[in-house]
Amino acid sequence: MSVECFVTGGTGFIGQHLVALLSAQGHTVRVLMRRPERLAALREHVASLGGNAAQVFAVSGDLQRDNLGLSHVDRAVLRGARIVFHLGAHFAWGLSLQQSRAVNVEGSRQVALLAAEQNSRLVLIGGYMLKNHQHLRNIGIDPRRPELTNWPAVYRKVGGYEASKLEAHFATLQVMAAQGGEITVVHPATVCGHSRTGHILEGQPLMELIRNLVQGKLAAVPGTPEHWLPLVSVDYLVELVAACAFDPAMVGQELLALDDQTPNLRELLAQAAHPLGVKAPKHHMPLRLMKLLLSVRPIARLLNTNVEALDFIQTTRFDTAAVEQFAGRHGIAKPDIREALRHTATFVNAHCLGKDIQ
Ligand SMILES: NC(=O)c1ccc[n+]([C@@H]2O[C@H](COP(=O)([O-])OP(=O)(O)OC[C@H]3O[C@@H](n4cnc5c(N)ncnc54)[C@H](OP(=O)(O)O)[C@@H]3O)[C@@H](O)[C@H]2O)c1
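Bear in mind that the values here come from a model prediction, so they are computed numbers and not experimental data. (Residues numbered from 1 in each chain as written. Predicted model: local features only at pLDDT ≥ 70, side-chain atom pairs only at ≥ 80, totals over all residues. Heavy atoms only, no water.)

Participant: Account for the sheet that holds strand β6 (residues 183-188), naming residues and giving values.
Facilitator: Strand order across the open sheet formed by 7 strands is β3-β2-β1-β4-β5-β6-β10, with parallel pairing between neighbours. Each edge of the open sheet carries a strand with a single partner, namely β3 (56-60) and β10 (254-257). Averaged over all neighbouring strand pairs, the angle between strand axes comes to 20 degrees, with direction disregarded. Examined bridge by bridge, strand β2 (residues 28-33) and β3 share 5 bridges and lie parallel to one another. When the sheet's bridge partners are listed, Arg-30 is paired in β3 with Phe-57. In this fold helix α4 (residues 97-117) packs onto β1 (4-8), β4 (83-86) and β5 (121-125), with an angle of close to 175 degrees to the strand it touches most, β4. (Pairing = 2+ DSSP bridges. Helix = DSSP H or I, 4+ residues; strand = E, 2+ residues; numbered from the N terminus. Axes fitted to C-alpha atoms, helices over the stretch in contact; angles between N-to-C directions. Contact = heavy atoms within 4.5 Å.)

Participant: Explain the packing of aromatic side chains to me, using residue names and the numbers behind them.
Facilitator: Evaluation of the coordinates by the stated rule reveals 7 aromatic pairs. Here the aromatic rings of Phe-91 and Trp-93 are separated by 5.0 Å at their centres, their planes lie at 80 degrees, and the arrangement is edge-to-face. On the basis of relative accessibility, which here comes to 28%, the residue Trp-93 falls in the partly exposed class. For the pair Trp-93 and Phe-312, a centre-to-centre distance of 5.8 Å together with 45 degrees between the ring planes defines the contact as tilted. Placement of the pair is Trp-93 in the loop between β4 and α4 and Phe-312 in the loop between α12 (297-303) and α13 (321-329), with a sequence separation of 219 residues. Grouping aromatic residues by their ring pairs yields a cluster made of Phe-91, Trp-93, Tyr-128, Tyr-161, Phe-312 and Phe-318. Cation over ring: Arg-317 sits above Trp-228, and NZ or CZ is 3.7 Å from the ring centre. (Phe/Tyr/Trp six-rings, centres within 6.5 Å; stacked < 30°, edge-to-face > 60°. Buried < 20%, exposed > 50% of the residue type's maximum accessible area, 1.4 Å probe, protein only. Lys NZ or Arg CZ within 6 Å of the ring centre and 35° of its normal.)

Participant: How would you summarise α13 if you had to cite specific residues and measurements?
Facilitator: Restricting attention to buried positions, one finds in α13 the residues Val-323, Phe-326 and Ala-327. Projection of α13 onto a plane perpendicular to its axis shows the buried side chains occupying an angular sector of 95 degrees, all on one side. Across α13 from its buried face, at more than 90 degrees, point the exposed residues Gln-325, Gly-328 and Arg-329. Those residues of α13 hidden inside the fold are in contact with α9 (234-245) and β10. One or two residues past the end of α13 sits Gly-331, with phi positive at roughly 65 degrees. (Arc of directions from axis to C-beta.)

Participant: Please set out the layout of surface pockets residue by residue, giving values where relevant.
Facilitator: Empty space within the second largest pocket amounts to approximately 340 Å³. Lining the second largest pocket are 18 residues, with His-17, Leu-49, His-194, Arg-196 and Asp-235 sitting closest to its centre. Residue composition of the lining of the second largest pocket, grouped by class: 8 nonpolar, 7 polar and 3 charged. (1 Å grid on protein atoms, 1.4 Å probe; cavity = no way out; pocket = protein on both sides within 12 Å on 5 of 7 lines; lining within 4 Å. Points joined across faces, edges and corners; volume = space filled by probe spheres on them. Nonpolar A, V, L, I, M, F, W, Y, C, P; charged D, E, K, R; others polar.)

Participant: Could you give an account of the site of the ligand, naming the residues involved and the relevant values?
Facilitator: Taken together, 24 residues are adjacent to the ligand, and Thr-11, Arg-34, Tyr-161, Lys-165 and Gln-204 come closest. At 2.9 Å from an oxygen atom of the ligand is found a main-chain nitrogen or oxygen belonging to Leu-87. Take Tyr-161: an N or O atom from its side chain is 2.5 Å from an oxygen atom of the ligand. Considering the ligand on its own, with 900 Å² of exposed area, one finds that the protein chains cover 87% of that surface. Secondary-structure elements contributing two or more residues to the shell around the ligand are α1 (13-24), α7 (160-179) and β7 (190-192). Residue composition of the shell around the ligand, by class: 11 nonpolar, 9 polar and 4 charged. (Near = heavy atom within 4 Å. Polar contact = N/O pair within 3.5 Å; in protein donor to acceptor, adjacent residues only side chain to side chain. Areas by Shrake-Rupley, 256 points an atom, 1.4 Å probe, with all protein chains shown as cover.)

Participant: Summarise the pattern of salt bridges; cite the residues concerned and give the values.
Facilitator: Tallied over the entire structure, the rule returns 17 salt bridges. As a salt-bridge pair, Glu-147 and Arg-145 come within 2.7 Å of each other at their nearest N and O atoms. Glu-147 gets classed as exposed once you look at its relative accessible area, which sits at 56%. Note on Arg-145: relative accessible area 40%, which makes it partly exposed. Its salt-bridge partner being Glu-324, residue Lys-334 comes within 3.1 Å of it at the nearest N-O pair. With a gap of 10 residues between them, Lys-334 in the loop between α13 and α14 (337-353) and Glu-324 in helix α13 connect regions that are remote in the sequence. The class of Glu-324 is partly exposed, set by a relative accessible area of 31%. One salt-bridge network, held together by shared partners, links Asp-259, Asp-260, Glu-324 and Lys-334. (Salt bridge = Lys/Arg side-chain N within 4 Å of Asp/Glu carboxyl O.)

Encoded structure:
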């Protein structure tokens, strides 16, 4: 059955893969685009990822604008959307509270209002930090009483991107509860390239890590042997997201999309380095010391690393039984994350770094 879908962030990394999957499944996909003139390019990307480009349409708009900047005509067309997938976000390190809030928090509220008003199911893409309750408490958020949070203090502690994603999550839940709308949330770990092709886009955190590895900017492994950067491959993730959207049992549920087979950070770097013939660092550097070094701007620039990125490297382990069961119920096979990682490194080498590697 073909269903009308509205996707924000459909031009981004996860979004392109999701649009490809939904359109390949026969759904009509309308993508919020700040630059709708790039629809032809998006359709090309979608087709190259296995999607059906003819099922993909642009809706001109911007998460930062009132009512998403939608025209009356587009607003009317979107009323036919049964599912609204909200992936759009301003992802960058060093964002101010104002910059990140405007897109990530206010934009999410606008998307939630639209979905609730027209009785569409909202599928929100959050982030796995929202499932680390100890971390939330450490930075001043009680997940059971988020309304008590001193948000400006959280922004100062963890930076604009992470803080705004956390605030957006609670703000969106609040809008949907107040409006009586249906919501499902998927919290991805850091996203790895496609498990078979390695496809990943410029600007992704894992891509930057591989670039630093290749360019010799990673002299040491951040943290200890217990530290890891939990991953999920993009193809597995979008299959989970699409399945969630059509599963009535997932209304009001949150799913953590994280591969617990992700190796620790040292092994992750070794896996990525192997197909490229570069050396991975073997020795560890305490995170506290690394954060101190990175607080010196020229060092951060030289190492092409932002202190905000280090928060995503953790020792916490997560319970992934729910996602394993969900995937099993929907017949979604989990790819081998080490293989996905090696393919991603090879893809980055071939498409993103060019001649940087000897
Ligand atoms: N990648 C990860 O490792 C990861 C992990 C956990 C959670 N997530 C979450 O997953 C979602 C998608 O991530 P991604 O990695 O695919 O992001 P991405 O590649 O950076 O793409 C971001 C998307 O948001 C859109 N966008 C940004 N500002 C906008 C605005 N003002 N109005 C409308 N659209 C706007 C971009 O559109 P343009 O093409 O116009 O720039 C793009 O389509 C985000 O919510 C992110 O926080 C990502």
